[in-house]
Amino acid sequence: MSWTSLGSLALPFQMQRHGVALRTEMARHSGELSTGMVQAPQRHLRGDLGALASIESRISRIDAYDKAIIQNATLLEGAQTSLQRVSALGSQLSSQVLTAVFTDTGAQSYAASAKSAVAAMEDMISAFSLTVAGRTLFSGAALDRGPLPSAQELMAEVSAHVAGLTNAQDVIDALDDFFMQPGGIYETVIYRGEGEAPRAAINDDERAPPLPSAADPAIRSQLMATALAALLDNNAVDLDPMQQRELALATVQTMESNTQALTNVQAQIGFGQELLDQRRVRLSVERDALQVSRHSMIGVDEFQSASHLEETRHRLELLYAVTARVSRLSLLEYMR
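Residues numbered from 1 in each chain as written. Predicted model: local features only at pLDDT ≥ 70, side-chain atom pairs only at ≥ 80, totals over all residues. Heavy atoms only, no water.

I'm lost on the overall build of the chain in this one. Help?
The number of helices and strands found in the chain is 12 helices and four strands. Buried positions account for 39% of the 336 residues belonging to the chain. Taking as baseline every contact in the chain between residues at least 6 positions apart, the subset at least 24 positions apart corresponds to 80%. (Helix = DSSP H or I, 4+ residues; strand = E, 2+ residues; numbered from the N terminus. Buried < 20%, exposed > 50% of the residue type's maximum accessible area, 1.4 Å probe, protein only. Contact = heavy atoms within 4.5 Å.)

Printed below as a string of structure tokens:
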């Protein structure tokens, strides 16, 4: 007589199915505990996902805007640092030239000032060629190249433009035409940038503040004053001591009068930095509010999830124990 029945044959399969269900439930509770969200939002919200999709879409955009704000803040900081360096170089050069005007060493002082001016020009061009995050800052839309040639190349063009001049005012007028004239040599030959730098979106209807370029009049005037100082001792011009003194005074005047213009450019960058800080704070507050709303829709109670996880783990361990006991059953043990 056989003691085997359909029920006894089905028992292992029933226990296996129950084990799978418990493991699935345990994985669900574990996932919800780690994320803080239900694992099946569609079922939890009974298929009404419109509001949730809108919230998650906005959060994703805010995250993208936040990254753009951080990157643009870095760009503006780099530009600010460069302009501070250029301004400091101009102040040092202006003081040196002014000192040369009122010393008794004459040509020797002017020669030293001219040498310092060439060095300052090199440092200024280096500052304007700064690259941040793989893009140059002062080249406008030409992100892959520096805005200016080397100091030697620039001074070679300047020297050719003023060659043979013997009067300080003529030299000043020539450099004003060279650097400041719209469509002149600076714009067509010297400046290697183009257009306006692309501005990333920092909100749905707002772009990042613009970066200055080396085509800005304040930057051009700073370079012009530096070039004037470099011509205090240059074979391209033939200036007597009186004309040298006049050119030196014009250099100082140009540099000093441009200080405010350069400060205005720095102030604009500062306003842009403040704007980015404000936008980032505003977006952070909005993100926090949206996350609270999302949690109210599909969030889980962490303590409750932990309790369910522990209960499911206990039930699974109990099932394993029962399964092990059933698998060891024999006719002798059954007869007992």
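I tried to follow a negative patch on the surface on my own but got confused; where do I start?
Together, D170, D173, D176 and D177 make up a negatively charged patch on the protein surface. Within the element layout of this structure, D176 appears in helix α6 (residues 168-180). D176 gets classed as partly exposed once you look at its relative accessible area, which sits at 38%. (Patch = residues over 30% accessible without salt bridge, like charges linked within 9 Å, V, L, I, M, F, W, Y side chains within 5 Å. Areas by Shrake-Rupley, 256 points an atom, 1.4 Å probe, with all protein chains shown as cover. Salt bridge = Lys/Arg side-chain N within 4 Å of Asp/Glu carboxyl O. Lys, Arg positive; Asp, Glu negative; His and termini not counted. Charge placed at Lys NZ, Arg CZ, Asp CG, Glu CD.)

What is the right way to look at the packing of aromatic side chains in this model?
In this description, an aromatic ring pair is defined by two values, namely the gap between the centres and the angle between the planes. This structure, assessed with the given rule, holds four aromatic pairs. For the pair F128 and F138, a centre-to-centre distance of 5.1 Å together with 70° between the ring planes defines the contact as edge-to-face. Separated by 10 residues along the polypeptide, F128 in helix α4 (residues 107-128) and F138 in the loop between β2 (135-136) and α5 (151-162) bring together distant segments of the chain. In this structure F128 comes out as buried when scored by relative accessible area, which is 0%. Its relative accessible area of 0% is what places F138 among the buried residues. (Phe/Tyr/Trp six-rings, centres within 6.5 Å; stacked < 30°, edge-to-face > 60°.)

Quick question: what am I supposed to make of the nonpolar core here?
The nonpolar side chains of a soluble globular protein tend to be buried with one another. In this structure, F128, L175, F179, L223 and L247 are the most contacted members of the largest nonpolar core, which totals 72 residues. Residue assignment for this core shows that the elements contributing at least two residues are α3 (50-101), α4, α5, α6, α7 (185-190), α8 (217-230), α9 (241-257) and α10 (259-298). Among the elements that line this core, the one with the most residues is α3, at 15 residues. In contact with F179, not counting residues within four places along its chain, are L154, V158, Y186, R220, L223, M224 and A227. (Core = buried A, V, L, I, M, F, W, Y, C linked by side-chain atoms within 4.5 Å.)

Where do I start with the environment of A168 in this structure?
Inspection of the secondary structure assignment puts A168 in helix α6. Each C-alpha atom, one on A168 and one on L232, is 9.7 Å from the other, the two residues being 64 residues apart in sequence. Once residues lying within four places of it in the same chain are set aside, the contact partners of A168 are L239, Q243, E246 and L247.

How should I be thinking about the pattern of salt bridges in this particular structure?
When the charged atoms of two side chains with opposite charge come close together, those side chains can pair. Under the counting rule described, the total for this entry stands at 12 salt bridges. Linking R61 and D204 is a salt bridge whose minimum nitrogen-to-oxygen distance equals 3.2 Å. Of this pair, R61 sits in helix α3 while D204 sits in the loop between β3 (201-203) and β4 (206-207); the two residues are 143 residues apart in sequence, bridging distant segments of the chain. Among the residues examined, R61 registers a relative accessible area of 32% and is labelled partly exposed. Residue R145 is joined to D144 by a salt bridge in which the shortest nitrogen-to-oxygen separation is 3.8 Å. For R145, a relative accessible area of 35% translates into the label partly exposed.

I'm lost on the side chain of Q266 in this one. Help?
Here Q266 shows up in helix α10. Among residues more than four places away in sequence, those in contact with Q266 are Q80, L83, Q84 and S87.

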